[in-house]
Amino acid sequence: MVLENSKIIIDIDTCTKCKACADECNYYYFESDNLSFREEMEEYCIECGKCVAVCPVNAIRLKSHKDKTLRGIPSKNDLPSFDSLVNLFITRRSRRQFKDKLVPKEFIEKILEFAAKYSPTGHNQENVHFTVVQDKETLKKLSEECTHQVSNLVKTFENPQGIKTLEASFPPAMIKKIEEVLPSFKRNLKRIKSGMEVWRWNTEIIVIHTPKDALTPIENCTLAACHIMLAAETLGLGTCSLGYITSFFNEFRPVGKIIKLPLKHIAGYTLAIGYPKARYYRIPARKPIKVKWL
Ligand SMILES: Cc1cc2nc3c(=O)[nH]c(=O)nc-3n(C[C@H](O)[C@H](O)[C@H](O)COP(=O)(O)O)c2cc1C
């Protein structure tokens with residue numbers, strides 16, 4: 001016999017009525033005295049699966065998740081110690097020089113499937129998308145289009161008539177923002193002229209994007225990026241956050257079009273990924289941590 005609603009199915013014959021699920025659920029989805037759903041709470045269920053996790057006899061399943069066998073919680077011995085985790089944190093650095101060696105597809109798949117998939121999302125929306133760009137032609141096109149768009153923007157700002165036209169179409173806050181980044185755009189154009197690839201450091205990229213109407217779009221993408229950056233280190237890979245290219249995907253449609261970024265999506269984070277060229281020997285010091293205890 002089963003008890004079910006649109007989101008959850010409970011095997012009543014297996015259930016021992018221990019009430020662990022009812023105690024764990026933030027939305028009091030289960031009545032704790034007898035096992036039944038509170039119907040009025042159904043819409044609040046975010047399918048976080050805490051009820052599944054806490055059930056000692058594996059009697060609960062989320063309908064939206066197709067996996068029949070669920071992984072057990074790893075034993076404490078299988079978790080990294082605080083010190084080994086710290087070693088991972090301090091080893092990760094932004095890499096900007098990469099070997100001309102493609103990252104195996106299995107590595108990227110492994111990182112996305114086992115690291116990125118488990119990053120948290122606001123309201124458990126699980127709405128983060130990944131576009132992996134490994135194709136050399138596409139990467140080249142991407143860099144060229146970024147440079148083209150930035151050159152045009154710089155030219156427009158160098159021309160008083162161009163600024164007037166922009167002022168007529170864009171809010172002052174946006175114009176001010178562009179003016180602030182203009183010097184760095186000019187510096188980057190100079191570096192490009194000298195032969196450098198500055199938007200993606202001449203390596204492949206992972207674009208992390210999500211529907212614009214997600215509840216916490218940028219946070220979700222950033223957290224997924226964090227998981228990816230750390231997981232990549234454990235496979236001998238290096239990464240670099242790419243803030244410029246992320247904004248270009250959103251601000252310049254021809255750039256977004258190259259990676260087929262859906263119109264309803266916002267790029268929240270982009271990572272360069274590859275095999276780093278240099279070996280590092282030490283961890284440079286950081287500024288003291290700024291913390292307030294209340
Ligand atoms: C949101 C964000 C955007 C960034 N954008 C770029 C970028 O476009 N290009 C780049 O080379 N580095 C970029 N970085 C890397 C930072 O410069 C780098 O994280 C910082 O210098 C600290 O160094 P570390 O990452 O090695 O610890 C970005 C970092 C963050 C967090």
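Residues numbered from 1 in each chain as written. Predicted model: local features only at pLDDT ≥ 70, side-chain atom pairs only at ≥ 80, totals over all residues. Heavy atoms only, no water.

**Structural notes on the pattern of salt bridges**
It is possible for side chains bearing opposite charge to pair when their charged atoms get close.
Here is step 1: Following the criterion strictly, the structure yields seven salt bridges and no others.
Here is step 2: A salt bridge links Lys186 to Glu158; the nearest nitrogen and oxygen atoms lie 4.0 Å apart. Of the two residues, Lys186 sits in helix α7 (residues 172–193) while Glu158 sits in helix α5 (residues 136–158), which places them 28 residues apart along the sequence.
Here is step 3: Measuring nitrogen to oxygen at the nearest pair gives 3.5 Å for the salt bridge that ties Glu180 to Lys176. With Glu180 and Lys176 both in helix α7 and four residues apart, this pair spans about one turn of that helix. We note that Glu180, like Lys176, is exposed. (Salt bridge = Lys/Arg side-chain N within 4 Å of Asp/Glu carboxyl O. Helix = DSSP H or I, 4+ residues; strand = E, 2+ residues; numbered from the N terminus. Buried < 20%, exposed > 50% of the residue type's maximum accessible area, 1.4 Å probe, protein only.)

**Description of empty space enclosed by the protein**
Here is step 1: Tallied over the entire structure, the rule returns one cavity of 30 Å³ or more.
Here is step 2: Estimated volume of the largest cavity: approximately 100 Å³.
Here is step 3: Cys15, Lys17, Cys18, Cys21 and Cys55 are the residues nearest the centre of the largest cavity, which is lined by 14 residues in total.
Here is step 4: The class makeup of the residues in the lining of the largest cavity is 11 nonpolar, one polar and two charged. (1 Å grid on protein atoms, 1.4 Å probe; cavity = no way out; pocket = protein on both sides within 12 Å on 5 of 7 lines; lining within 4 Å. Points joined across faces, edges and corners; volume = space filled by probe spheres on them. Nonpolar A, V, L, I, M, F, W, Y, C, P; charged D, E, K, R; others polar.)

Everything listed is a geometric property; what it means functionally is a separate question.
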